[in-house]
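A closer look at the structure
Next come the chains, spelled out residue by residue.
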Amino acid sequence: MLCRRSLDEARSIHERERQPGVIRDADRFLRTLTGNRYALRLRDTSAGGAVELEEYATGARRGEDAWSSGLADQTYLALRLGMARQFGLRAEPLPLILDDLLVRFDEERRLGAAKVLLEIAREHQVLLFSCHNATREIFATLLAERASRCEESRFDGEKTLGATPLRVSCFTLSRGEIRETPLPFPEWTPCLSEEGRA
């Protein structure tokens, strides 16, 4: 029993401190995408570095063959964003071009994906194309909530960070004409409480 606990603790320390940056970033994104339900783990680097998911509630691990299609979509998105972020740390961050990314997600997953996209938009230009008005509404709601939270914390004496405000724009294409569709809170500067959650 003691030996098993020591091995589990050693594995946990290795995963936490020595995972490649892509996996660390993808894990952070996946936690947001799944509402902290799953963590991304490397199975065994000698086995080709396959990833698996660990469920927080039970500690049970699942290989790719046990994922639902929605969970697989979230995991692959988290991995792609993790790769893009790590590439951007070593070279000029490239724009991320995404098309109808949220279509196969339920409402909770859409909200998690929107949070992740806003987070990565701090470092990368993100172009998200969609023919669904609900996508615009998700971002509008999320931006309004974040602006309100940061405003409330400023009233409590918290200062905004020296970061450049994030600008979110929404455009519609109708009859061959592209027009900007205003969002209620198109800009926000991350506050300290917001930064601490990122």
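This text goes with the structure placed above it.
One structure accompanies this document, and this report is about it. (Residues numbered from 1 in each chain as written. Predicted model: local features only at pLDDT ≥ 70, side-chain atom pairs only at ≥ 80, totals over all residues. Heavy atoms only, no water.)

Thoughts on the sheet that holds strand β3 (residues 61-62)
Condition: Here a strand pair is declared whenever DSSP counts at least two bridges between the two strands. Put simply, DSSP H or I for four residues or longer makes a helix, DSSP E for two residues or longer makes a strand, and each gets a number counted from the N terminus. We call two residues contacting when some pair of their heavy atoms lies within 4.5 Å. For helices, the fitted axis covers only the stretch in contact; all axes are lines through C-alpha atoms, and the angles between them, taken along N-to-C directions, range from 0 to 180 degrees.
Here we have 3 strands laid out as an open sheet, ordered β1-β2-β3, and antiparallel in their pairing. Of all the strands in the sheet, just β1 (38-42) and β3 have a single pairing partner and so form its edges. For strand β2 (residues 51-55) and β3, the ladder comprises 2 bridges, and the chain directions are antiparallel. Along β3, the bridge assignment pairs Leu 53 with Arg 62. Against the sheet, helix α2 (residues 21-33) contacts β1 and β2, and its axis sits at roughly 160° relative to β1.

What about the packing of α2 against helix α3 (residues 69-90)?
The test is simple: For this classification, under 35 degrees means roughly parallel, over 145 means roughly antiparallel, 65 to 115 means roughly perpendicular, and everything else is oblique. Working rule for handedness: look at the near helix, and if it is turned counterclockwise from the far one by less than a right angle, call the crossing left-handed; if clockwise, right-handed.
Where α2 contacts α3, the two axes come as close as 7 Å, and the packing angle between them is 135°. Our classification of the angle between α2 and α3 gives oblique. In this structure, α2 meets α3 at a crossing whose hand is right-handed. Together, Gly 21, Val 22, Ile 23, Asp 25, Ala 26, Arg 28, Phe 29, Leu 30 and Leu 33 of α2 and Gln 74, Thr 75, Leu 77, Ala 78, Leu 79, Leu 81, Gly 82, Met 83, Arg 85 and Gln 86 of α3 make up the contact between the two elements.

Things to note about helix α4 (residues 107-120)
Convention followed: For a helix, the expected span equals 1.5 Å multiplied by the residue count minus one. In this scheme, a residue with accessible area under 20% of its type's maximum is buried, one over 50% is exposed, and one in between is partly exposed, where area comes from a 1.4 Å probe on protein chains only. Two N or O atoms count as a polar contact when they lie within 3.5 Å, although within protein this holds only if one can serve as hydrogen donor and the other as acceptor, and sequence-adjacent residues are included solely when both atoms are side-chain atoms.
Here α4 contains 14 residues, and its C-alpha end-to-end distance of 20 Å stays within 8% of the 20 Å for a straight helix at 1.5 Å per residue. Taken residue by residue, α4 has Gly 112, Ala 113, Ala 114, Val 116, Leu 117, Leu 118, Glu 119 and Ile 120 as its buried positions. Of the residues flanking the start of α4, the one acting as N-cap is Asp 106, its side-chain oxygen 3.3 Å from the backbone nitrogen of Glu 108.

Considerations on the packing of α3 against α4
Filter applied, for reference: Three classes are used, and their members are as follows: Ala, Val, Leu, Ile, Met, Phe, Trp, Tyr, Cys and Pro are nonpolar, Asp, Glu, Lys and Arg are charged, and the others, Gly among them, are polar.
Interhelical geometry of α3 versus α4 gives an angle of 0° and a closest axis separation of 12 Å. The angle between the axes of α3 and α4 places the two elements in the roughly parallel class. Each of Gly 70, Leu 71, Gln 74, Leu 77, Leu 81 and Arg 85 in α3 lies in contact with α4, whose residues at this interface are Arg 109, Ala 113, Val 116, Leu 117 and Ile 120. A class-by-class count of the residues in the contact of α3 with α4 yields 7 nonpolar, 2 polar and 2 charged.

What to know about the pattern of salt bridges
Here is the rule we go by: Any Lys or Arg side-chain nitrogen located within 4 Å of an Asp or Glu carboxyl oxygen qualifies as a salt bridge.
This structure, assessed with the given rule, holds 13 salt bridges. The salt bridge partner of Asp 25 is Arg 28, with a shortest N-O separation of 3.3 Å. Highlighted residues: Asp 25 and Arg 28, both in helix α2, separated by 3 residues, approximately one helical turn. Relative accessible area serves as the criterion here: at 27%, Arg 28 is assigned to the partly exposed category. Notably, a salt bridge pairs Glu 55 with Arg 62, separated by 3.8 Å at the nearest N-O pair. Of the residues examined, Glu 55 reaches a relative accessible area of 15% and is grouped as buried.

Quick notes on unusual backbone geometry
Phi is positive for Asp 100, which is not a glycine, with a value near 45°. The residue Arg 175 is not glycine, and still its phi comes out positive at about 55°. Along the chain, Arg 175 falls in the loop between β7 (171-174) and β8 (177-180).

Examining the pairing of strand β5 (residues 126-129)
Just so we agree on the cut-off: The crossover handedness rule: strands pointing away from the viewer, path from first strand over the helix to second strand clockwise, crossover right-handed.
Strand direction decides the pairing type here: strand β4 (residues 96-99) and β5, joined by 4 bridges, are parallel. Of the residues in β5, the one forming a bridge with Ile 97 is Leu 127. Between the parallel elements β4 and β5, the chain passes through α4 in a crossover that is right-handed.

Concerning α2
End to end, α2 covers 18 Å across 13 residues, agreeing with the expected 18 Å (1.5 Å per residue, within 8%). Listed as buried for α2 are Gly 21, Ile 23, Asp 25, Ala 26, Asp 27, Phe 29, Leu 30 and Leu 33. The elements touched by buried residues of α2 are β1, β2, α3 and α4.

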